[in-house]
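Structure at a glance
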Amino acid sequence: MNGEEPLERALEQASQIVAAADYTVALVGAGISVESGIPPFRGPGGVWTKLGEPAMDGYQRFIADPTAWWTERLSGKDEFAEFLKTLDDAKPNAAHYALAEMERLGLLHHVITQNIDNLHQEAGGSEITEIHGNRLKLRCVACGARFPLREFNMEEIPPRCPDCRGVLKTDTVLFGEPIPQDALQSCDHHTRRCDCMLLVGTSATVYPAAEFPIIAARGGARLVEVNPHETPLSEICRAVLRGPAAEVLPRLVERLRPGADATGREEKP
Ligand SMILES: [Zn+2]
(Lines give C-alpha, C1' and ligand atoms only; values in the text may rest on other atoms or scores of the structure.)
Protein backbone atom coordinates (compact mmCIF):
# COMPACT_ATOMS: atom_id res chain seq x y z
CA MET A 1 0.00 0.00 0.00
CA ASN A 2 1.14 3.53 -0.76
CA GLY A 3 2.43 5.03 2.53
CA GLU A 4 0.64 8.32 1.78
CA GLU A 5 -2.78 6.71 1.55
CA PRO A 6 -3.61 6.37 5.25
CA LEU A 7 -2.55 10.00 5.83
CA GLU A 8 -4.68 11.20 2.90
CA ARG A 9 -7.65 9.35 4.31
CA ALA A 10 -7.00 10.74 7.80
CA LEU A 11 -6.70 14.29 6.40
CA GLU A 12 -10.04 13.80 4.71
CA GLN A 13 -11.66 12.64 7.97
CA ALA A 14 -10.01 15.39 10.01
CA SER A 15 -11.05 18.16 7.62
CA GLN A 16 -14.65 16.93 7.73
CA ILE A 17 -14.59 16.85 11.54
CA VAL A 18 -13.15 20.38 11.81
CA ALA A 19 -15.48 21.78 9.15
CA ALA A 20 -18.51 20.33 10.94
CA ALA A 21 -17.49 21.54 14.41
CA ASP A 22 -18.93 24.64 16.06
CA TYR A 23 -16.12 25.17 18.54
CA THR A 24 -12.66 23.75 17.99
CA VAL A 25 -9.86 23.87 20.56
CA ALA A 26 -6.24 22.85 19.96
CA LEU A 27 -4.31 21.33 22.86
CA VAL A 28 -0.66 21.86 21.98
CA GLY A 29 2.42 20.23 23.50
CA ALA A 30 6.19 20.37 23.23
CA GLY A 31 6.23 18.51 19.89
CA ILE A 32 5.34 21.68 17.97
CA SER A 33 8.20 23.62 19.61
CA VAL A 34 10.69 20.84 18.92
CA GLU A 35 9.97 21.46 15.24
CA SER A 36 11.18 25.05 15.82
CA GLY A 37 14.48 23.76 17.21
CA ILE A 38 13.54 24.04 20.90
CA PRO A 39 14.68 20.93 22.76
CA PRO A 40 12.11 19.05 24.84
CA PHE A 41 12.74 18.67 28.56
CA ARG A 42 12.95 14.89 28.56
CA GLY A 43 14.04 12.19 26.14
CA PRO A 44 17.00 12.19 23.72
CA GLY A 45 18.51 15.69 23.42
CA GLY A 46 16.24 16.91 26.23
CA VAL A 47 17.25 19.77 28.50
CA TRP A 48 17.04 17.63 31.65
CA THR A 49 18.71 14.69 29.92
CA LYS A 50 21.71 16.96 29.35
CA LEU A 51 21.73 18.97 32.60
CA GLY A 52 20.26 16.36 34.91
CA GLU A 53 16.82 16.67 36.49
CA PRO A 54 16.44 20.12 38.01
CA ALA A 55 15.64 20.71 41.65
CA MET A 56 11.91 20.21 42.11
CA ASP A 57 11.66 23.14 44.51
CA GLY A 58 12.27 26.04 42.10
CA TYR A 59 9.15 27.86 43.25
CA GLN A 60 9.91 27.39 46.93
CA ARG A 61 13.41 28.76 46.38
CA PHE A 62 11.96 31.76 44.56
CA ILE A 63 9.49 32.51 47.35
CA ALA A 64 12.16 32.04 50.03
CA ASP A 65 14.56 34.50 48.39
CA PRO A 66 13.32 36.29 45.23
CA THR A 67 16.36 38.59 45.21
CA ALA A 68 18.78 35.64 45.02
CA TRP A 69 16.62 33.96 42.36
CA TRP A 70 16.51 37.06 40.16
CA THR A 71 20.22 37.79 40.67
CA GLU A 72 21.10 34.31 39.46
CA ARG A 73 18.67 34.47 36.52
CA LEU A 74 19.93 37.89 35.37
CA SER A 75 23.58 36.79 35.65
CA GLY A 76 23.01 34.58 32.59
CA LYS A 77 24.91 31.86 34.40
CA ASP A 78 22.06 29.79 35.74
CA GLU A 79 21.44 26.25 34.50
CA PHE A 80 18.81 27.42 32.01
CA ALA A 81 20.91 30.11 30.29
CA GLU A 82 21.58 28.04 27.16
CA PHE A 83 17.96 26.90 26.94
CA LEU A 84 16.73 30.49 27.30
CA LYS A 85 19.07 31.57 24.49
CA THR A 86 17.61 28.83 22.25
CA LEU A 87 14.13 30.18 23.02
CA ASP A 88 15.25 33.70 22.07
CA ASP A 89 16.39 32.46 18.66
CA ALA A 90 13.38 30.21 17.91
CA LYS A 91 10.92 31.18 15.17
CA PRO A 92 7.38 29.92 14.59
CA ASN A 93 7.15 27.02 12.14
CA ALA A 94 4.52 26.04 9.58
CA ALA A 95 2.39 24.40 12.29
CA HIS A 96 2.13 27.65 14.30
CA TYR A 97 1.17 29.52 11.12
CA ALA A 98 -1.39 26.87 10.18
CA LEU A 99 -3.10 27.17 13.58
CA ALA A 100 -3.09 30.99 13.32
CA GLU A 101 -4.68 30.74 9.85
CA MET A 102 -7.34 28.36 11.16
CA GLU A 103 -8.13 30.95 13.82
CA ARG A 104 -8.47 33.69 11.17
CA LEU A 105 -10.74 31.44 9.12
CA GLY A 106 -13.00 30.98 12.15
CA LEU A 107 -12.17 27.26 12.29
CA LEU A 108 -10.14 27.31 15.50
CA HIS A 109 -11.54 29.05 18.54
CA HIS A 110 -8.91 28.56 21.19
CA VAL A 111 -5.41 27.20 21.71
CA ILE A 112 -4.40 25.64 25.03
CA THR A 113 -0.63 25.36 24.98
CA GLN A 114 1.84 23.70 27.31
CA ASN A 115 4.64 25.77 25.75
CA ILE A 116 6.07 29.00 27.12
CA ASP A 117 7.84 30.18 23.96
CA ASN A 118 5.32 32.77 22.65
CA LEU A 119 5.54 31.26 19.14
CA HIS A 120 1.74 31.04 18.70
CA GLN A 121 1.51 34.79 19.23
CA GLU A 122 4.46 35.44 16.92
CA ALA A 123 2.67 33.47 14.20
CA GLY A 124 -0.40 35.69 14.58
CA GLY A 125 -2.58 33.66 16.96
CA SER A 126 -4.48 35.53 19.67
CA GLU A 127 -6.88 33.17 21.47
CA ILE A 128 -4.36 31.37 23.64
CA THR A 129 -4.20 29.97 27.16
CA GLU A 130 -0.70 29.16 28.38
CA ILE A 131 -0.81 26.49 31.08
CA HIS A 132 2.83 27.00 31.99
CA GLY A 133 2.97 30.75 31.42
CA ASN A 134 4.83 32.89 28.90
CA ARG A 135 8.54 33.52 29.05
CA LEU A 136 8.13 37.14 27.88
CA LYS A 137 5.88 38.08 30.79
CA LEU A 138 6.20 38.63 34.51
CA ARG A 139 3.49 37.68 37.00
CA CYS A 140 2.77 39.13 40.43
CA VAL A 141 2.84 36.48 43.16
CA ALA A 142 0.43 38.59 45.23
CA CYS A 143 -2.33 39.66 42.80
CA GLY A 144 -1.65 37.48 39.73
CA ALA A 145 -1.42 40.42 37.26
CA ARG A 146 0.86 39.89 34.26
CA PHE A 147 3.16 42.43 32.64
CA PRO A 148 5.46 42.39 29.59
CA LEU A 149 9.01 41.63 30.71
CA ARG A 150 10.40 44.33 28.42
CA GLU A 151 8.64 47.07 30.42
CA PHE A 152 10.95 46.43 33.37
CA ASN A 153 14.54 47.64 33.40
CA MET A 154 15.40 45.33 36.31
CA GLU A 155 17.07 48.07 38.29
CA GLU A 156 14.94 47.03 41.22
CA ILE A 157 15.54 43.41 42.24
CA PRO A 158 13.19 41.73 42.72
CA PRO A 159 10.94 43.67 40.33
CA ARG A 160 7.69 44.85 41.95
CA CYS A 161 4.09 44.86 40.76
CA PRO A 162 3.04 48.35 39.57
CA ASP A 163 -0.46 47.62 40.93
CA CYS A 164 0.15 46.20 44.39
CA ARG A 165 3.94 46.25 44.94
CA GLY A 166 3.95 42.45 45.24
CA VAL A 167 7.04 40.56 44.08
CA LEU A 168 7.10 39.74 40.37
CA LYS A 169 8.34 36.38 39.13
CA THR A 170 8.68 35.13 35.60
CA ASP A 171 5.23 34.09 34.31
CA THR A 172 6.76 30.73 33.41
CA VAL A 173 5.55 28.17 35.93
CA LEU A 174 8.47 26.93 38.04
CA PHE A 175 8.88 23.44 39.47
CA GLY A 176 6.77 23.14 42.58
CA GLU A 177 4.57 26.06 41.55
CA PRO A 178 0.82 25.55 41.17
CA ILE A 179 -0.65 26.22 37.72
CA PRO A 180 -2.23 29.71 37.88
CA GLN A 181 -5.96 29.52 38.65
CA ASP A 182 -6.96 31.81 35.77
CA ALA A 183 -5.19 29.53 33.27
CA LEU A 184 -6.83 26.42 34.75
CA GLN A 185 -10.26 28.04 34.64
CA SER A 186 -9.77 29.07 31.02
CA CYS A 187 -8.68 25.54 30.06
CA ASP A 188 -11.71 24.10 31.82
CA HIS A 189 -14.06 26.54 30.09
CA HIS A 190 -12.78 25.87 26.57
CA THR A 191 -12.45 22.11 27.15
CA ARG A 192 -16.09 21.84 28.21
CA ARG A 193 -17.29 24.09 25.41
CA CYS A 194 -15.51 22.43 22.48
CA ASP A 195 -17.03 19.84 20.15
CA CYS A 196 -13.69 19.18 18.46
CA MET A 197 -10.23 19.04 20.05
CA LEU A 198 -7.00 18.87 18.07
CA LEU A 199 -4.18 17.21 20.01
CA VAL A 200 -1.02 18.64 18.49
CA GLY A 201 2.41 17.33 19.46
CA THR A 202 1.30 16.22 22.89
CA SER A 203 0.91 12.83 24.49
CA ALA A 204 -1.13 14.60 27.19
CA THR A 205 0.20 12.35 29.91
CA VAL A 206 1.07 15.11 32.37
CA TYR A 207 -1.42 16.83 34.67
CA PRO A 208 -3.38 19.01 34.04
CA ALA A 209 -3.28 18.64 30.24
CA ALA A 210 -3.92 14.89 30.55
CA GLU A 211 -7.48 15.55 31.71
CA PHE A 212 -8.59 17.89 28.95
CA PRO A 213 -8.99 15.40 26.06
CA ILE A 214 -10.79 12.97 28.37
CA ILE A 215 -13.20 15.65 29.62
CA ALA A 216 -13.75 16.89 26.06
CA ALA A 217 -14.41 13.39 24.70
CA ARG A 218 -16.82 12.61 27.55
CA GLY A 219 -18.70 15.78 26.64
CA GLY A 220 -19.06 14.50 23.08
CA ALA A 221 -16.14 16.33 21.41
CA ARG A 222 -14.40 14.55 18.57
CA LEU A 223 -10.63 14.26 19.01
CA VAL A 224 -8.11 14.63 16.18
CA GLU A 225 -4.50 13.71 16.86
CA VAL A 226 -1.55 15.32 15.07
CA ASN A 227 1.58 13.52 16.19
CA PRO A 228 4.42 11.58 14.57
CA HIS A 229 4.14 8.99 17.34
CA GLU A 230 1.35 6.88 18.78
CA THR A 231 0.14 8.16 22.16
CA PRO A 232 -2.13 6.79 24.88
CA LEU A 233 -4.90 8.95 23.35
CA SER A 234 -4.57 7.65 19.79
CA GLU A 235 -7.17 4.95 20.24
CA ILE A 236 -9.94 7.34 21.31
CA CYS A 237 -9.25 9.79 18.44
CA ARG A 238 -11.67 9.97 15.49
CA ALA A 239 -8.82 10.87 13.14
CA VAL A 240 -5.09 10.39 13.57
CA LEU A 241 -2.70 12.46 11.44
CA ARG A 242 0.54 10.56 11.84
CA GLY A 243 3.33 13.03 11.06
CA PRO A 244 5.14 16.17 12.21
CA ALA A 245 2.70 19.04 12.85
CA ALA A 246 4.68 21.39 10.58
CA GLU A 247 4.03 19.04 7.66
CA VAL A 248 0.56 17.81 8.47
CA LEU A 249 -1.28 20.92 9.73
CA PRO A 250 -0.63 23.02 6.59
CA ARG A 251 -2.10 20.16 4.55
CA LEU A 252 -5.17 20.14 6.78
CA VAL A 253 -5.61 23.92 6.40
CA GLU A 254 -5.29 23.60 2.61
CA ARG A 255 -8.44 21.50 2.64
CA LEU A 256 -10.30 23.92 4.90
CA ARG A 257 -9.67 27.18 3.05
CA PRO A 258 -12.77 28.66 1.46
CA GLY A 259 -12.99 27.45 -2.12
CA ALA A 260 -10.97 24.31 -1.53
CA ASP A 261 -12.66 20.95 -1.94
CA ALA A 262 -11.94 18.16 0.50
CA THR A 263 -8.71 17.18 -1.26
CA GLY A 264 -7.31 20.70 -0.91
CA ARG A 265 -7.59 21.50 -4.61
CA GLU A 266 -8.93 24.93 -5.44
CA GLU A 267 -12.32 24.75 -7.14
CA LYS A 268 -12.43 26.01 -10.71
CA PRO A 269 -14.19 29.37 -11.04
ZN1 LIG B 1 0.29 42.70 42.12
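Before reading further, recall that the structure is shown in the block above.
Source: prediction; values computed, not measured.

The next thing to look at is the overall build of the protein chain. Along the backbone of the protein chain there are 11 helices and nine strands. Summarising its shape, the C-alpha atoms of the protein chain cover approximately 60 × 35 × 35 Å along the three principal directions. By the burial criterion, 48% of the 269 residues in the protein chain qualify as buried. Here the protein chain contributes 28 positively and 39 negatively charged side chains, and the mean placements of these two sets differ by 1 Å.

Protein ligation of the zinc ion involves Cys140 (SG), Cys143 (SG), Cys161 (SG) and Cys164 (SG), the donor distances falling in the range 2.3 to 2.4 Å. Every donor counted, the four donor atoms about the zinc ion form angles of 98 to 119 degrees at the centre, which fits tetrahedral coordination. Each donor residue of the zinc ion lies on one chain, and together they are spaced C-x2-C-x17-C-x2-C.

In this section: the pattern of salt bridges. Applying the stated rule across the entire model yields 16 salt bridges. Of the charged contacts, one joins glutamate 177 and arginine 139 as a salt bridge, the two residues approaching to 2.9 Å between their closest N and O atoms. Here the residue glutamate 177 occupies a position in the loop between strand E6 (168-170) and helix H9 (181-193), and arginine 139 occupies one in strand E4 (residues 137-140), the gap between them amounting to 38 residues. The pair formed by glutamate 177 and arginine 139 is uniform in burial state, with each residue classed as buried. For arginine 192, the salt bridge goes to aspartate 188, with nearest N and O atoms at 2.9 Å. Within this pair, arginine 192 and its partner aspartate 188 are both found in helix H9, separated by four residues, close to a single helical turn. Sharing partners across several salt bridges, the network here consists of Arg139, Arg146, Lys169, Asp171, Glu177 and Asp182.

With that out of the way, let us pick up the sheet that holds E4. What the three strands build is an open sheet, ordered E5-E4-E6; its pairing is antiparallel. Strand pairing shows two members of the sheet lacking a second neighbour, strand E5 (146-148) and E6, which therefore form its edges. Averaged over neighbouring strand pairs, the angle between their axes works out to 35 degrees when direction is ignored. In terms of strand pairing, E4 meets E5 through three bridges, oriented antiparallel.

What follows deals with the sheet that holds strand E9 (residues 239-241). Ordered by their spatial adjacency, six strands build an open sheet running E3-E2-E1-E7-E8-E9, and the pairing between neighbours is parallel. At either end of the open sheet lies a strand with only one pairing partner, and these are strand E3 (128-130) and E9. When the angles between neighbouring strand axes are averaged without regard to direction, this sheet yields 15 degrees. Two strands pair when backbone bridges link them, and strand E1 (residues 24-28) and strand E7 (residues 196-200) are joined in this way by five bridges, in the parallel orientation. Among the inter-strand pairings, leucine 27 is bridged to a residue of E7, identified as leucine 199.

The next thing to look at is the packing of helix H7 (residues 94-104) against helix H11 (residues 245-256). The contact between H7 and H11 brings their axes to 7 Å, and the two run at 25 degrees. As summarised for this structure, H7 and H11 are arranged roughly parallel, according to the angle between their axes. Like other packed secondary-structure pairs, H7 and H11 cross with a definite hand, here left-handed. Together, Ala94, Ala95, Ala98, Leu99, Glu101 and Met102 of H7 and Ala245, Ala246, Leu249, Pro250, Val253 and Leu256 of H11 make up the contact between the two elements. In the contact of H7 with H11, the residues fall into 11 nonpolar, no polar and one charged.

The subject of this paragraph is the packing of helix H1 (residues 4-20) against H11. Orientation of H1 relative to H11, taken along the N-to-C sense of each, is 55 degrees, at an axis distance of 9 Å. If you check the angle between H1 and H11, you find them oblique. Note that H1 runs across H11; the crossing there is right-handed. Residues Glu4, Leu7, Glu8, Leu11, Glu12, Ala14, Ser15, Val18 and Ala19 of H1 form the contact with H11, whose participating residues are Val248, Arg251, Leu252, Arg255 and Leu256.

Conventions adopted
- The numbers attached to residues start from 1 for each chain and follow its sequence in the written order.
- Side-chain atom pairs in this predicted model are given and counted only at pLDDT of 80 or more, local residue features only at pLDDT of at least 70, and totals for whole chains, interfaces and linings cover all residues.
- Note that the side-chain values use all heavy atoms of the structure and ignore hydrogens as well as water.
- Under the scheme used here, helices are H or I runs from DSSP no shorter than 4 residues and strands are E runs no shorter than 2 residues, and both carry numbers assigned from the N terminus.
- Residue exposure (1.4 Å probe, protein chains only): buried if accessible area is under 20% of the type maximum, exposed if over 50%, otherwise partly exposed.
- Note on charges: Lys and Arg go in the positive column, Asp and Glu in the negative column, and His and the chain ends are not counted at all.
- One atom stands in for each charge, and that atom is NZ of Lys, CZ of Arg, CG of Asp or CD of Glu.
- Donor atoms: N, O and S within 2.8 Å of the metal, or within 3.2 Å for Na, K and Ca. Because water is excluded, sites can look incomplete.
- Think of it this way: with four donors and all angles in the 85 to 135 degree range, the site is tetrahedral; with four or six donors, opposite ones beyond 155 degrees and the rest between 65 and 115, it is square planar or octahedral; otherwise it is irregular.
- Basic side-chain nitrogens of Lys or Arg form a salt bridge, by our definition, when they fall within 4 Å of a carboxyl oxygen of Asp or Glu.
- Here, strands pair whenever DSSP counts at least two bridges between them.
- Orientation is described by lines fitted to C-alpha atoms, with helices fitted over the stretch in contact, and by angles between N-to-C directions that extend from 0 to 180 degrees.
- In these notes the angle categories are as follows: under 35 degrees is roughly parallel, over 145 is roughly antiparallel, 65 to 115 is roughly perpendicular, and the rest is oblique.
- By definition, turning the near helix anticlockwise from the far helix through less than a right angle yields a left-handed crossing, and turning it clockwise yields a right-handed one.
- By definition, residues are in contact when any of their heavy atoms lie within 4.5 Å.
- Under the scheme applied here, ten amino acids are nonpolar (Ala, Val, Leu, Ile, Met, Phe, Trp, Tyr, Cys and Pro), four are charged (Asp, Glu, Lys and Arg), and all others, including Gly, are polar.

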